[in-house]
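# Report on the structure
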Amino acid sequence: MTSLIAERITRVRQQIPAAVKLIAVTKQVSVAAIREAYGAGVRDFGESRIQEAEFKQAQLQDLTDITWHFIGRLQSNKAKKALEQFQWIHSLDSLKLAQRLNQLAQPLAYKPQVCLQVKVVSDPQKSGWTVPELLAHLPELNQCQNLQIQGLMTIPPLGLSEAEIFSVFASTRELAAKIQQQNWSHIQMQHLSMGMSDDYKLAVQAGATMVRLGRTLFGLRPALNNQASLQ
Ligand SMILES: *Cc1c(COP(=O)(O)O)cnc(C)c1O
């Protein structure tokens, strides 16, 4: 019998092009549900807290081909752990953090992949670069040569109409194209991490290459984050 999670994954896959990477966001989702998604073919998983991810990753060590994506706000003092636990960091939101990650990545045998989190419209609730700040920091970001800067990540502010949300995604794509045209030696802009459960179709229309989906795959998250329920 196919599980509900597997059915939802199939439905989403039918709605997005095969080239768009589906990242299953598993914050507050149990290890058993993660295994179900894995069984349905998902190999990219997103978490927003280091400690919660560590707890689950320890129980999923047999699934050796998972790619883990960090999508939450990253504090400087957790940067080292983030690099140890995640192959991708989507939420790189300041020059200071970029330089810290770059320094920590120096001895590694591989270059961590990152997206720069940007706000094309102002949003006091969210972290991330404003467009002028990001453009001003590109020369220093280009010096972070131990990182693979792969593209941009964005989260539209709450309360926008569909047309406004689409416009946020389209502006983010245009910003990525503009940066790409500047031909930085160590900044690539081929990825756009945008789209969550409520807006991923708009994001894909606007050119997303990675969507980050939680509720539409796993159902509503419980209000409380109780580790015992994550077994
Ligand atoms: C929680 C979260 C998601 C997934 O959100 P859903 O609405 O459950 O799909 C995606 N991106 C980020 C950064 C998140 O924190």
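Presented here is a report on the structure given in the accompanying data block.

Procedures and definitions
Residues numbered from 1 in each chain as written. Predicted model: local features only at pLDDT ≥ 70, side-chain atom pairs only at ≥ 80, totals over all residues. Heavy atoms only, no water. Buried < 20%, exposed > 50% of the residue type's maximum accessible area, 1.4 Å probe, protein only. Helix = DSSP H or I, 4+ residues; strand = E, 2+ residues; numbered from the N terminus. Pairing = 2+ DSSP bridges. Near = heavy atom within 4 Å. Polar contact = N/O pair within 3.5 Å; in protein donor to acceptor, adjacent residues only side chain to side chain. Areas by Shrake-Rupley, 256 points an atom, 1.4 Å probe, with all protein chains shown as cover. 1 Å grid on protein atoms, 1.4 Å probe; cavity = no way out; pocket = protein on both sides within 12 Å on 5 of 7 lines; lining within 4 Å. Sits in = over half its atoms within 2 Å of the grid points. Nonpolar A, V, L, I, M, F, W, Y, C, P; charged D, E, K, R; others polar. Axes fitted to C-alpha atoms, helices over the stretch in contact; angles between N-to-C directions. Parallel < 35°, antiparallel > 145°, perpendicular 65-115°, else oblique. Contact = heavy atoms within 4.5 Å. Core = buried A, V, L, I, M, F, W, Y, C linked by side-chain atoms within 4.5 Å. Points joined across faces, edges and corners; volume = space filled by probe spheres on them. Right-handed = clockwise from strand over helix to strand, strands pointing away.

Turning to the pairing of strand β9 (residues 210-213), a few remarks are in order. Covered by surrounding structure in β9 are Met210 and Arg212 together with Val211 and Leu213, the residues of both alternating faces. With four bridges connecting them, strand β1 (residues 21-25) and β9 associate as parallel partners. From the neighbouring strand, Ile23 faces β9, where its bridge partner is Arg212.

Near the ligand you find Val25, Lys27, Ile71, Ile155, Met196, Ser197, Arg212, Leu213, Gly214, Arg215 and Arg221, and these make up its full shell. A distance of 2.7 Å is found between an oxygen atom of the ligand and a side-chain nitrogen or oxygen belonging to Lys27. Contact with the protein chains covers 92% of the free accessible surface of the ligand, which is 390 Å². Judged by the proximity of its atoms to the pocket grid, the ligand belongs to the largest pocket. Partitioning the shell around the ligand into residue classes produces five nonpolar, two polar and four charged.

Moving on to the packing of helix α5 (residues 95-105) against helix α6 (residues 131-142). At a closest axis distance of 10 Å, the pairing of α5 and α6 adopts a crossing angle of 10°. When the interaxial angle is binned, α5 and α6 end up roughly parallel. Each of Leu95, Ala98 and Gln99 in α5 lies in contact with α6, whose residues at this interface are His137, Glu140 and Leu141. Grouping the constituent residues of the contact of α5 with α6 by class yields three nonpolar, two polar and one charged.

This part takes up the nonpolar core. Core analysis: the biggest nonpolar cluster contains 65 residues, and Leu134 and Leu141 have the highest contact counts within it. For this core, the element with the most residues is α5, which contributes six residues. Leave out the neighbours within four places in its chain, and Leu141 touches Leu95, Ala98, Leu116, Trp129, Leu134, Ile149 and Ile187.

The subject of this paragraph is empty space enclosed by the protein. Counting across every chain of the model gives one cavity of 30 Å³ or more. A volume near 30 Å³ is recorded for the largest cavity. Residue lining of the largest cavity: Val118, Lys119, Val120, Val121, Asp123, Thr154, Ile155, Pro156, Pro157 and Val168, and that is the complete set. In terms of residue class, the lining of the largest cavity is made up of seven nonpolar, one polar and two charged.

Turning to the layout of surface pockets, a few remarks are in order. The space that makes up the largest pocket amounts to roughly 520 Å³. As for the largest pocket, its lining consists of 23 residues, and the residues nearest its centre are Lys27, Ile155, Met196, Arg212 and Arg215. Of the residues that constitute the lining of the largest pocket, the class distribution is eleven nonpolar, four polar and eight charged.

Where burial is concerned, most of strand β5 (residues 113-119) is hidden: six out of the seven residues are buried. Sheet topology note: the strand β4 (residues 88-92)/β5 ladder contains three bridges and is parallel. Looking across to β5, one finds that Trp88 is bridged to Gln113. Handedness of the crossover joining β4 and β5 through α5: right-handed. Across five bridges, the pairing between β5 and strand β7 (residues 148-153) is parallel. When the sheet's bridge partners are listed, Cys115 is paired in β7 with Gly151. Across two bridges, β5 lies against strand β6 (residues 129-130) in parallel orientation. Bridged to Lys119 within β6 is Thr130.

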